[in-house]
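Results of the structural survey
Letter by letter, the chains look like this.
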Amino acid sequence: MSRQIEVRVDGRALRVPAGISVAAAIARAGVAVFQRSVGGEPRGPLCGMGICFECRVVIDGRRDVRSCMAVCSEGMEIEVARA
Amino acid sequence: MSLPDVLVVGGGIVGAACALELAREGHRVEVLERGFTGCGTTATAMGHIIVLHDSQAQFRLTRWSQELWSALADELPGEVEVDRCGCIWIASEESQMDWVRDKAALYRSHGIEVEVLDSLGLAQAEPSLRPNLAGGLRMREDLVLYPPAAARWLVQRAVDAGATIRTGVSVRRVSGAGATLDDGSTRAAGCVVDAAGTKALELLPEPIPGLQFRPRKGHLAITDRGPRRCWHQLAEIGYLASAHTHAQTSVAFNVQPRRTGQVLVGSSRQYDRHDTRVEPEILARMLRRAIEFIPALAEMRVTRTWTGLRPATDDRLPLIGPVPGHSGLYLATGHEGLGITTSLGTGRLIADMVAGRSSAIDPAPYRLDRCLEPQA
Amino acid sequence: MREVASEVLILGAGPAGLAAAAAAAEAGARVDVIEGNRSPGGQIWRPEGATEAHPTTRRWQQRLLRTGVRVHLETTVVAADGPRCIYTVCGGEMSRFRTSRLVLATGSRELFLPFPGWTLPGVTGVGGLQALVKSGWPIEGKRVVVAGSGPLLLAVADSLRRRGAKLLLIAEQAPRRAVVRLARQLWRSPRKAIQALGLMARLVQVPMRYACWPLRATGDECVRSVLLQGSDGSIELECDALACGFGLVPEIAIAAYLGCDVECGAMSVDAQQQSSVPGVYGAGEITGVGGVELAVAEGAVAGTAAAGARVPVRWLARRDRQQAFVSHLDRAFALRPELRRLAAPETIVCRCEDVAFEALAGAESARAAKLATRCGMGSCQGRVCGPATRFLFGWHHDRVRPPFFPVPMAALAAIGTVQPSSANPACYQTFTMDC
């Protein structure tokens, strides 16, 4: 069984298997809306491979990171609400 | 189709402004555009409406045009993205502050709202600029807009005033009595305004000695949306110096905030380039210059880059007026990097010339006769 | 900026790129491979989680290891100065690859078509959901509808089923008779036949409809149900996820930028896989979507030819056999015209800039629409709306310009700067590290 690590999604601690994507961690935290479009519509991941930019969140203070391409690491701070 | 009084060749912002002024005077105007409205140099321009004083003539045309734009600004719809952000000319070194003070005095004497910023004032006005710049000249009345949308709006107003626009129509040759289209057909008209931008001179009935311009290529880059990084259009005073060097390639810091939170980054100047390829090394030099002034740009993502070719005359003034030897044929081109600003003034000048009356500013410095080689 | 000298530079480490790399290296060339992802294998051999390589990829890795191929992972191609000078970014660092031959193995991406509700969270691509799930996206117990078109639907449905998803429906827009006709061709390719039979057997419990496509997804902050058009009327299904993709489109941006001829959205190549630009080769889905066996066969030909070696006749024959299947695929999964009418006037087409269908109708070209509405001006650079507007309005793509992918300004600004070349920079990876 894979190792578990802890990340924080909008301040809430979450234990996830090491190696999963940030997008997966956000979904596991029960969050469906990853960002708001320029017109304010809710959006979530579409392409899963880094081209659509619909899954951008703030990771460790860095804005606009594509969460489907980023891998969770121990202690990572993931902010969806701010995205 | 009844014959138009005036045929305007070119649906860029200059042609659009000419069409609007002429249509408002009651002429039957027809615009011929080879692509779609604003698809050429207009689409690649930054969109500044600024006052410049490289020469008295440049100043008169830019100032008058800016007043015309300001009068329109409240009428322009949201898609034109008018931003009354002003412009700051940045002095990197103390030595450039003399220029700042001289220009400030000059502009004030013409009733233009300007402000001299010292180092601290500049830092307060634009916190993301690198520290220890000498200061700047804030031009409060300068503004920024989105050029293709502005051209579309002008054309729409012209159409409302009775003009027609035919897009996808390519012109091969112009004369004082009409135009020959690429398909060989002709379109007759009472008079013709050739506003075909970098192609304008190629359309003339024959080459006119002395009448020339060189394509000046410029690169631009735009970032992704983000939190607002700057509050004015910003340009280094060195931009003006680089504008005078005709020979070599140069880059200068010039950025604009867009209402989308994007930052539009310029500028580069290359003469006698005819291709519109983005050149990675020139682009990179331009971006390095921008980052030197605003370090935070380094982290912003660049999403698109492009180039444009601007028609540049030797004396840096546009070619506006009747074409010698061809009664009824007018030229309106050669606006280089100021075509968005000076389009409205150009439209007025052309309308005045067609009507045979005097203008609010002296048109002589822009007329073609100044360029002509003396006949033996 | 870092300088790298290469003989054969391969863009993409999916099946075609890996096969090209192995073949070129075995023919004696010095080979570099650029790959944007964290691990090689492309979308099809995408590993589970981030750590382990896909078993098939590992076999390729061992082969590449023997020949000294250098694979540069998490590296994105952002610009080019002709086909012999390729700029890449890795971890914010700019590199310039000088190469004598270039093999484009950039693969394909999914075709998304706009319909009301397609922008709701929970509506993903088919390959998109597969990729998300492989990276740990929770799917167990979720009610999923898989819709759209193409062989990917079944493969992904099976993979979701294995992970405990509750599959409500597989909706293929193509008519059953077209797919049956395709199945009759499968005897030519026993491996494909076995795969297909296996899939059908495993999915026997899952309702499957042909000539069926989504009309509308509803939900407030997340998809809650989907309405589909079937041959016998419409059906509405409550679901937690809708995976929807209408096939794959070749990723031709770099090929187009380099001036390679493009036909019907795919890069044109000759028998040696060489494009209209000498020294530029194409392999895999960039030349037309035809599956993994074809990609590998094309990669082997392209790599060998790019290395300047003679391509064995049986390799060419193997490629040609696989190639024959492509036209059958295209015909079977041809998109029906009804799909052009799914979007309502207010349906968003360009997701980055929220441009609605009604704002685009009537525009004369992609560029005119872009300048008038901002369609395609956003972060995805038109990768999502571009193929859609091509299908909807027949627009050709606007010109490709650098950066081919949005990159931090600092990285682009490093082009042309001189920096002493470091022997082992951070992002320089060979397989020795993974194996």
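In case you missed it, the structure is sitting above this.
Anyway, here's the lowdown on the structure attached to this text. Predicted, not measured: the structure shown is a model, and the values here were computed from it.

Calculation notes
Residues numbered from 1 in each chain as written. Chains lettered and ligands numbered in written order. Predicted model: local features only at pLDDT ≥ 70, side-chain atom pairs only at ≥ 80, totals over all residues. Heavy atoms only, no water. Helix = DSSP H or I, 4+ residues; strand = E, 2+ residues; numbered from the N terminus. Buried < 20%, exposed > 50% of the residue type's maximum accessible area, 1.4 Å probe, protein only. Contact = heavy atoms within 4.5 Å. Areas by Shrake-Rupley, 256 points an atom, 1.4 Å probe, with all protein chains shown as cover. Lys, Arg positive; Asp, Glu negative; His and termini not counted. Charge placed at Lys NZ, Arg CZ, Asp CG, Glu CD. Core = buried A, V, L, I, M, F, W, Y, C linked by side-chain atoms within 4.5 Å. 1 Å grid on protein atoms, 1.4 Å probe; cavity = no way out; pocket = protein on both sides within 12 Å on 5 of 7 lines; lining within 4 Å. Points joined across faces, edges and corners; volume = space filled by probe spheres on them. Domains from an automatic or database assignment. Pairing = 2+ DSSP bridges.

So, on to the overall build of chain A. Within chain A one finds 1 helix and 7 strands. Listing every helix and strand of chain A by position from the N terminus yields β-β-α-β-β-β-β-β. Once the C-alpha set of chain A is aligned to its principal axes, its extents read approximately 40 × 25 × 20 Å. Within chain A, the proportion of its 83 residues that are buried is 57%. Contacts in chain A between residues at least 24 apart in sequence constitute 38% of all its contacts with a sequence separation of at least 6. For chain A, the accessible area works out to roughly 3400 Å², and carbon and sulfur atoms hold 47% of it. Within chain A, the 9 negative side-chain charges are centred at a point lying 2 Å from the centre of the 12 positive side-chain charges.

Judged by nonpolar contacts, the single largest core of 57 residues is most densely connected at B:Val29, B:Trp69, B:Leu145, B:Leu154 and B:Val193. For this core, the element with the most residues is helix H1 (residues 13-24) of chain B, which contributes 9 residues. The contacts of B:Trp69, once residues within four sequence positions are left out, are B:Ile13, B:Ile49, B:Leu76, B:Leu145, B:Ala150, B:Leu154, B:Ile340, B:Thr341, B:Ser343 and B:Leu344. Core analysis: the next-biggest nonpolar cluster, separate from the first, contains 49 residues, C:Phe115, C:Leu120, C:Val249 and C:Val384 among them.

Take empty space enclosed by the protein next. Residues and elements named next belong to chain B. Under the criterion given, the structure shown has 5 cavities of 30 Å³ or more. What lines the largest cavity is a set of 20 residues, among which Leu52, Gln58, Glu336, Gly337 and Leu338 lie closest to the centre. Elements with a contribution of two residues or more to the lining of the largest cavity: helix H3 (56-73) and helix H7 (238-244). Residues lining the lining of the largest cavity come from more than one domain, with at least three contributed by each of domain 1 (6-46 + 147-212 + 315-370) and domain 2 (84-141 + 213-312). Reported here for the second largest cavity is a volume of approximately 50 Å³. If you trace the second largest cavity, you find it lined by Val51, Leu52, His53, Asp54, Trp89, Trp99, Lys103, Tyr107, Met139 and Leu240. Looking at the lining of the second largest cavity, the element that brings in the most residues is helix H4 (residues 97-109), giving 3 residues.

Turning our eyes to something else, we now look at the pairing of strand E5 (residues 56-59) of chain A. Residue and element names in this part refer to chain A. Burial along E5 is two-sided: Arg56 and Val58 and Val57 and Ile59, pointing in opposite directions, are all buried. The loop that links E5 with its antiparallel partner strand E6 (residues 62-66) comprises 2 residues; one of these, aspartate 60, has a positive phi angle of about 50°. In this sheet, strand E7 (residues 77-79) lies alongside E5 in antiparallel orientation, the contact comprising 2 bridges. Counterpart to isoleucine 59 in the pairing with E7 is isoleucine 78.

Shape is all these values report; function is a separate question.
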